[in-house]
Every structure is written in C-alpha cells, then in structure tokens.
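Tertiary structure, described
Read off the chains here:
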Amino acid sequence: MTTNFQFVSPQEIAKAPEVCQLKPVSTRFGHHGAAPGKEAWSAAFTPDYQYFAWSCGKGIVRMVPWIRETNMFDSAALNNFIDSNNRAPSTISDDRVVKEHRVIEYVCNSNIWSIAFGSSVPHKRLTYKQVGYRHYKHLDGDNILLLAVGLQSGTIVIFNVFNREKFTLIDHKQVVRSLTFAPDGSLMLVSACRDGTLKVWDVKDDGNMVQTLKGHKGWVNGCAFSPDARHMASVGVRGTVFIWDMSRYKIARKLVGHHHDGVSCQYSPDGALLLTTSWDARAIAWDPSTGAMLSEFHHVYPPMDPVFAGGANNSFTRDLSISPNGVHFATVCDDGYLRIWSLLDRSDPIVVAMVEEPITCCFSPNGMVVAVGTRSGQVSFFAIPVTQNTTPSLQHLSRMAIRKVVPDTNSVVKNLKTGMLSRYLTYQKMD
C-alpha cells in the first residue's frame, strides 16, 4: 500500500493556515469554473514586494497591491477595481492596459502560461549592439519594472509596469511555458517553450533575440537563472535537466536522475543548490557545480520503481518554490497537498495544506507566505508557521553567506580539501 508521507500521518504535520484568497475571474471569454483556459498557471511577486501578479485565465494578468505589514493583498483596492468594472461594463480590447484604484490589469489575445518580473539597474553595459539606434531608450534608466507574459501562441509580451508601454517578442512556435529574467538587472530574459528550445532575449536592446539554445528533445517546461546570472538551468521531457553556461550559451552539464518529465527548477539563494521537480513524484536537490544528486524528496511512499514513476502515477509534482532564507521550499502535487520541506530533513514535510488541483506556487519575498494557483483560476495564500523547523539557524545563514561569495563547489573543496567543514559548506552534510 502506498501513502503520501513516510513516517507520519497528515494529521501529525503542522498545518499552514489559509490567510486570504483570490477568486477566479469572470472574463470576456466565458464562465467561471475549471474550464480550459481558466487555470492560474503562473504567479509572482514583484521584486520590491509591492504587488502580487497572477494569470487569471483567458488572457488576463492582474497585479494587486500587497501589504507587507499584514502579509495580505489589498482587498479594498481589488474590490474598488471590481466595483468600478461592474458599474461601467468593460469594452477592453486585446491591446489595452487598464490601471484603476492601484490594481493593474493586462489583457492579451491568447491564454497565458507564464509570467516573470524583471527589474533594471542603471548604466548596465549592453551585451549586444546589433543596431545603431535604440527605440526604448528609457530602459537604460533607473527604477524599471517589467512584466513578461508567455502566451499559448508562442508570443511573449513585455509590459513596462510604470508607463504602460508594451512590446512583443516573436519567434517561438508553441506554448511559452516558463520565463526568467537575469537577476543582475541586465534585463536579459530567457524563455522555455514547448517547441523544444530556449531563447535568450536582450530586452534593453529593443528585445532583440540573442541566442536560441537547443539540446532538449521535446518540450522545455522550466528555466531559472543562477543568482550570479552566470548559469541557467532548464528542465524538460524525459527527465532532462541541463545547466547552461551563459557566457558561451552552451550546455555545461547534464543532470541525470529523474524518471519522468521535469517541470520546474530553481536555484537556492546562495547558488549552491539547484532544486528540480518532476512528474515522477519527486523533488531533487543537486549540486549544480558537480552534477551530484544530494537529496531526494518523495511524494509517494514507498518510492516508486522507475517504471511506475515514469508513467501515470496520480502524484505528478507540478511546481516548486524556494524560500528566500534558503532553509525550506514548497512543492504542489496532484494529490492535493501543498508541502513545505526542510532542506535539512528529507524524511517528511514540516508543514502541509490541502489545496484542490494546485498547479503553481511561489514564496513571498519575506518567505512568510506561499501563494498557490489552481486549475480553477483561484489563488490561495498560506502563512508559514514560525517554528524551529522553518527558522534558519545561524550556522546555515553563515553557510549561505560563504556560498554566495564562492558558489562553485570545486573552489570550496580545493581550498578546504576534505573534512566536516567542507562537507557542510558543499551541502553534503545538510544540517
């Protein structure tokens, strides 16, 4: 007999309380409910923690103000926005951007599968200069916040949040499943697509496509930059996990271990770990510098044989998100559980919550709330209980501080040789 947990029952695990909820949006395309196109496939907080954005379904992205003090969205602003629309029925076209009562809404002409925020730092040297003029010169300025939206049609739409300007990136042929901006402020964007490619775009250079990355043998489902932007990870069909060298746009390493399609990936805040999830009902923590598999986090016990894990196992793991403090991470699974795991203990989750048909999740910038999007288009927010398991130790914070400076494991080992300190700093010894 299989179970969802290894040593305990769900009743024995701490529960994450639901603190607020965003209901599915009634749209110009149709009705409420979990109809195709209504899914909340993607959600994200702005880097400055001022807004929360999610794909509402049927081509709509909404940004609602987020209140740091209460760790909740601004319900008054959202209600004012909804009431305003109800009083004056909207005739929004595909190209129009609406901003009322501090709630921002973007309407696209295709279903939305991915969103990502990118912020700019001033005077960043351009990587490429193919053209002699620049149409969007203001993107070289300070205080730039962009929202990238990946569509089912293969188009990527870039919205400048502060001045309503938008432009379109066109080259993909199928669903754009994932987007990630380089965290160095360069506004370099990578897109992962079901056409089997990743594309690198220089948004500061009028959105010119810099490179097409080929290597996946089918759908590419996820991508993520390392904190120093020197590397980028991607996951796709047949359990493929690649680490890309972004200075050469070449595959630096292939990680082997998943038995089913990879669906999501993210680096730890110090860059020393890469976490991936797959439909094989597992999350895996890797050392991206060496390709070593460090830990496995199973969503079904006993763990399934590769033959069964590679098929329809009813426990597809859909998404993951790492806490900003680097000590725990969240996953959502087809069994209806949001799980909060400790990187220091892989036996069972430390916190759980029940969610109907979850498909995406993301931590708030302070790590105190997890947002979970569902197939119905609803988004639920869960508070992370403050316990010994969810609070990072001084020892772990010291490790993160060191690894942020020296993210390459080989450099750590070269300087420290072997021993307990080396094993701890390279995450071979987690706690």
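Computed from a predicted model, the values in this text were never measured in an experiment. (Residues numbered from 1 in each chain as written. Predicted model: local features only at pLDDT ≥ 70, side-chain atom pairs only at ≥ 80, totals over all residues. Heavy atoms only, no water.)

Description of the pattern of salt bridges
Taken as a whole and assessed by the stated rule, the structure comprises 8 salt bridges. Put simply, Arg-282 and Glu-296 hold a salt bridge, and the shortest N to O gap is 2.5 Å. Of this pair, Arg-282 sits in strand E23 (residues 282–287) while Glu-296 sits in strand E24 (residues 292–298), and the two are 14 residues apart along the sequence. Overall, Glu-296 belongs to the partly exposed group, its relative accessible area being 26%. When salt bridges with common partners are traced through the structure, they connect Asp-280, Arg-282 and Glu-296 into a single cluster. (Salt bridge = Lys/Arg side-chain N within 4 Å of Asp/Glu carboxyl O. Helix = DSSP H or I, 4+ residues; strand = E, 2+ residues; numbered from the N terminus. Buried < 20%, exposed > 50% of the residue type's maximum accessible area, 1.4 Å probe, protein only.)

Remarks on the sheet that holds strand E27 (residues 337–342)
Ordered in space as E1-E28-E27-E26-E25, the 5 strands form an open sheet in which the pairing is mixed. The two strands at the open ends of the sheet, each matched to only one other strand, are strand E1 (14–15) and strand E25 (317–322). Across 5 bridges, E25 lies against strand E26 (residues 328–333) in antiparallel orientation. Note that in E26 the partner of Ile-322 across the bridge is Phe-329. (Pairing = 2+ DSSP bridges.)

Notes on the packing of aromatic side chains
Applying the stated criterion across every chain, the model contains 15 aromatic pairs. Seen in terms of ring centroids, Trp-66 and Phe-381 are 5.1 Å apart; in terms of plane orientation they differ by 45°. Their pairing is tilted. Taken together, the residues span a long stretch of sequence, with Trp-66 in strand E5 (residues 60–67) and Phe-381 in strand E31 (residues 379–383) at a distance of 315 residues. For the pair Trp-66 and Phe-381, one class covers both residues: buried. Relative to Trp-341, the ring of Phe-329 has its centre 6.4 Å away and its plane inclined at 15°; by these criteria the two rings are stacked. With Phe-329 in strand E26 and Trp-341 in strand E27, this pair connects stretches of sequence that are 12 residues apart. Grouped by ring-pair contacts, the aromatic residues Phe-45, Tyr-49, Phe-52, Trp-54, Trp-66, Phe-73 and Phe-381 constitute a single cluster. Against the face of Tyr-424 rests Arg-399, its NZ or CZ located 3.8 Å from the ring centre. (Phe/Tyr/Trp six-rings, centres within 6.5 Å; stacked < 30°, edge-to-face > 60°. Lys NZ or Arg CZ within 6 Å of the ring centre and 35° of its normal.)

So, the nonpolar core
Counting 24 residues, the largest nonpolar core has Phe-52, Trp-54 and Phe-381 as the members making the most contacts within it. Counting only elements with at least two residues in this core, the list comes to strand E2 (18–22), strand E3 (43–45), strand E4 (51–57), E5, helix H1 (75–87), strand E8 (103–107), strand E30 (369–374) and E31. Once residues lying within four places of it in the same chain are set aside, the contact partners of Trp-54 are Leu-22, Ala-40, Ser-42, Ala-43, Ile-60, Val-61, Arg-62, Val-64, Ile-115, Gly-377 and Val-379. Of all hydrophobic cores here, the second largest spans 18 residues; its members include Ala-53, Ile-104, Ile-112 and Leu-151. (Core = buried A, V, L, I, M, F, W, Y, C linked by side-chain atoms within 4.5 Å. Contact = heavy atoms within 4.5 Å.)

Points about the sheet that holds strand E13 (residues 176–181)
Paired through backbone hydrogen bonds, the strands of a sheet run either parallel or antiparallel to each other. Read from one edge of the open sheet, 4 strands run E13-E14-E15-E16, paired in antiparallel fashion. In this open sheet, the two strands that pair with only one neighbour each are E13 and strand E16 (208–214). Recorded for the sheet is a direction-independent mean angle of 20° between the axes of neighbouring strands. Pairing between strand E15 (residues 197–202) and E16: 6 bridges, direction antiparallel. Looking at E16, one finds that Lys-199 is bridged to Thr-212. (Axes fitted to C-alpha atoms, helices over the stretch in contact; angles between N-to-C directions.)

Some thoughts on helix H3 (residues 394–405)
The terminal C-alpha atoms of H3 lie 17 Å apart, and with 12 residues this matches the ideal 16 Å at 1.5 Å per residue to within 8%. Those residues of H3 lying buried are His-396, Arg-399, Met-400 and Arg-403. The buried residues of H3 occupy an angular sector of 100° when the element is viewed end-on, so they sit on one face. Along H3, exposed side chains directed more than 90 degrees from the buried face belong to Leu-394 and Val-405. (Expected span 1.5 Å × (residues − 1). Arc of directions from axis to C-beta.)

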